[in-house]
Amino acid sequence: MDIPLVDLKKQYFEVKNEIDRAIYRVINNSDFIGGTEVDGFEKEFAEYLDIPHCVSCGNGTDALEIILESMGIGIGCEVLVPALTWISTAEAVTRVGAKPVFVDILEDNYTLDPDDMERRITEKTKAVIPVHLYGMPCEMDKILHISKNHQLMVIEDCAQSHGAKYKGILTGCFGHAAAYSFYPGKNLGAYGDAGAIVTRDNVLAAKARMIANHGQLTKHHHIIIGRNSRMDGIQAAILRAKLPFLGRWIGFRRDLAKWYGEIIKKEINPVYSVPDYVDHAYHLFVIKSKNRKASIDRLASVNIHTAIHYPCPLPYLDVYKNKQGIRGPEYPVSLSLSKSILSLPMNDQLRSNIFNDDQIEVLRSLE
Ligand SMILES: *Cc1c(COP(=O)(O)O)cnc(C)c1O
C-alpha cells in the first residue's frame, strides 16, 4: 500500500456532496468574487476563532504582506522572522521594504527561540512574526512578554496551525493580527489559492480590507493605493463546506501522531517534546533522522513517501545570504535541524491501520 504525504482526492470523496453543492451554488448565483459566500466564510471563520474580524484575501503570503502594510511597516524597519520556515514569512517583509532579521529556533519544538529573539532586537525592530511551524504553537507567553517590553507588533503566521491551541486558545488569537493560508494542502485547504487576516483591531481590519480591495472605502472611493487580493466565491464556498469537518480532521491527525509516537524511536520523535499546555495540529509530522538519506531510501522501499520542510534555513538561501552578512554559525539550531528533519506522511485521511508489517518495521527501526 502506497502511503502518500497528503491525499486531497480521498478527502474530496469524504465531503463530495457538500463540496459539489457549494460549487454549484456559487455558479448558480454568479457569486464569483466577494459576495455572500465570502461574507459567510469570513463570519464563520471569525466565529470559529472567536475573534471579531476576518478579512479574506488572495493567499497567505498576501495576508502577511497586507498586515505589515496596514501596520505601516516598511522601509527602515526590521521585522523578526524565524530562520526555519517557508519563504513567505520573510518574503512578505522584504516586499514591503522592511528587513527580515532572522531568529534561530528551539531545538525541541522547531519554533522561534524567545531568547535569541530578544538578542536581535534593535531600535529599528517594529514587529515579530512567530510561525506556528508544522502546527506546533510557539512559546507565546514569552514572545508576547518580550514584544510588550519592546513595543513590537506581533503577527502570527498561522498558515500551518489551523486548529492548534496554546493553553486552550486557538493560535491566531494572540498577536495584533494573524495570517492564514488556505492553500490546498493546509489543514483547512481551498481548491486554489486563498488566505485571510484575523485581528481584534477594528482600525487594522478596516485598513487591511481597503488595501486588499484597491484602496476603496466604498465602491469608486479610493483613498489609498491598494491592490487586488481577493478571495474567490468558489474558494469561500469550499472552505465553508469544509470548516465544520476541521475539528474531526485534526483529531485524525492527532491519532496518527500518537500512533507514530508509539512506533518510532523516542530520540527522533517530536511527539515526546510537545508540552502538555499545547494542542499540536500536526500539519506536518517531522522527525529528526541522524542518517536522513538512508531513512528516505528505506521508507521509499516500502512505499512511504517523505519530504523535507525545509532543506535550507532562510538566511542561507541565495536570496538572503549575502544581504544578512552571515559570519559563522549564527543559526546553529536551524542549520543542524535542516540537515536531519524529515516529514512523514500526515493527513486527515491517513489511518494507522493501513500500514502493513513491512512498513511498520521500517518505521520502528528508523534512526
Ligand atoms: C503556506 C505558508 C504560507 C503562505 O501561504 P500561501 O497561501 O501559499 O501564500 C506562509 N507561511 C507559512 C509558514 C506557510 O507554510
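The text that follows walks through the structure, step by step, so that each part is easy to find. (Residues numbered from 1 in each chain as written. Predicted model: local features only at pLDDT ≥ 70, side-chain atom pairs only at ≥ 80, totals over all residues. Heavy atoms only, no water.)

Looking at the site of the ligand
Phase 1: Close to the ligand lie 13 residues; Gly60, Thr61, Asp157, Ser181 and Lys186 are nearest.
Phase 2: Ser181 has a polar side-chain atom sitting 2.6 Å from an oxygen atom of the ligand.
Phase 3: Between the ligand and Lys186, the relevant distance is 2.7 Å, taken from an oxygen atom to a side-chain nitrogen or oxygen of the residue.
Phase 4: Relative to its unbound accessible area of 380 Å², the ligand is 92% covered by the protein chains.
Phase 5: Secondary structure elements with two or more residues in the shell around the ligand: helix H4 (60-70) and helix H5 (88-95).
Phase 6: In terms of residue class, the shell around the ligand is built from three nonpolar, eight polar and two charged. (Near = heavy atom within 4 Å. Polar contact = N/O pair within 3.5 Å; in protein donor to acceptor, adjacent residues only side chain to side chain. Areas by Shrake-Rupley, 256 points an atom, 1.4 Å probe, with all protein chains shown as cover. Helix = DSSP H or I, 4+ residues; strand = E, 2+ residues; numbered from the N terminus. Nonpolar A, V, L, I, M, F, W, Y, C, P; charged D, E, K, R; others polar.)

Observations concerning the packing of helix H2 (residues 16-29) against helix H9 (residues 233-242)
Phase 1: Running from N to C, H2 and H9 cross one another at 150 degrees; their axes reach a closest spacing of 9 Å. Between H2 and H9, the angle falls in the class roughly antiparallel. As H2 runs across H9, the sense of the crossing is right-handed. Seen from H2, the contacting residues are Glu18, Ile19, Ala22, Ile23, Arg25 and Val26; seen from H9, they are Gly233, Ile234, Ala237, Ile238, Arg240, Ala241 and Lys242.
Phase 2: Of the residues in the contact of H2 with H9, the class split is eight nonpolar, one polar and four charged. (Axes fitted to C-alpha atoms, helices over the stretch in contact; angles between N-to-C directions. Parallel < 35°, antiparallel > 145°, perpendicular 65-115°, else oblique. Left-handed = near helix turned anticlockwise from the far one by under 90°. Contact = heavy atoms within 4.5 Å.)

Quick look at the environment of Ser352
Phase 1: With respect to the secondary-structure elements, Ser352 resides in the loop between strand S14 (341-344) and helix H14 (357-364).
Phase 2: Take Ser352: its relative accessible area is 28%, and that puts it in the partly exposed class.
Phase 3: Residues Ser352 and Tyr260, 92 residues apart in the sequence, show an inter-C-alpha distance of 8.2 Å.
Phase 4: Once residues within four sequence positions are removed from consideration, Ser352 is found in contact with Leu256 and Trp259. (Buried < 20%, exposed > 50% of the residue type's maximum accessible area, 1.4 Å probe, protein only.)

Some thoughts on the nonpolar core
Phase 1: Ranked by size, the top nonpolar core spans 35 residues in total, and within it Leu68, Ile73, Val79, Phe102, Ile155 and Ile197 carry the most contacts.
Phase 2: For this core, the secondary-structure elements that each account for two or more residues are strand S1 (53-57), H4, strand S2 (78-82), H5, strand S8 (177-181) and helix H8 (202-212).
Phase 3: Filtering out sequence-adjacent residues up to four positions away, Ile73 remains in contact with Leu68, Val79, Val96, Ala98, Lys126 and Ala127.
Phase 4: Membership of the second largest hydrophobic core comes to 24 residues, among which are Phe41, Ala46, Ile51 and Tyr180. (Core = buried A, V, L, I, M, F, W, Y, C linked by side-chain atoms within 4.5 Å.)

Overview of helix H13 (residues 332-340)
Phase 1: For H13, every residue scored as buried is listed here: Val333, Ser334, Leu337, Ser338 and Ser340. Down the axis of H13, the buried side of the element spans an arc of 165 degrees, and every buried residue falls inside it.
Phase 2: On its buried face, H13 is in contact with strand S13 (285-288), helix H11 (292-301) and S14. (Arc of directions from axis to C-beta.)

What about the pattern of salt bridges?
Phase 1: Taken as a whole and assessed by the stated rule, the structure comprises 18 salt bridges.
Phase 2: Residue Arg209 pairs with Glu42 through a salt bridge whose shortest N-O separation is 3.0 Å. Of this pair, Arg209 sits in helix H8 while Glu42 sits in helix H3 (residues 36-49); the two residues are 167 residues apart in sequence, bridging distant segments of the chain.
Phase 3: Exposure remark for Glu42: the relative accessible area of 8% places this residue in the buried category. (Salt bridge = Lys/Arg side-chain N within 4 Å of Asp/Glu carboxyl O.)

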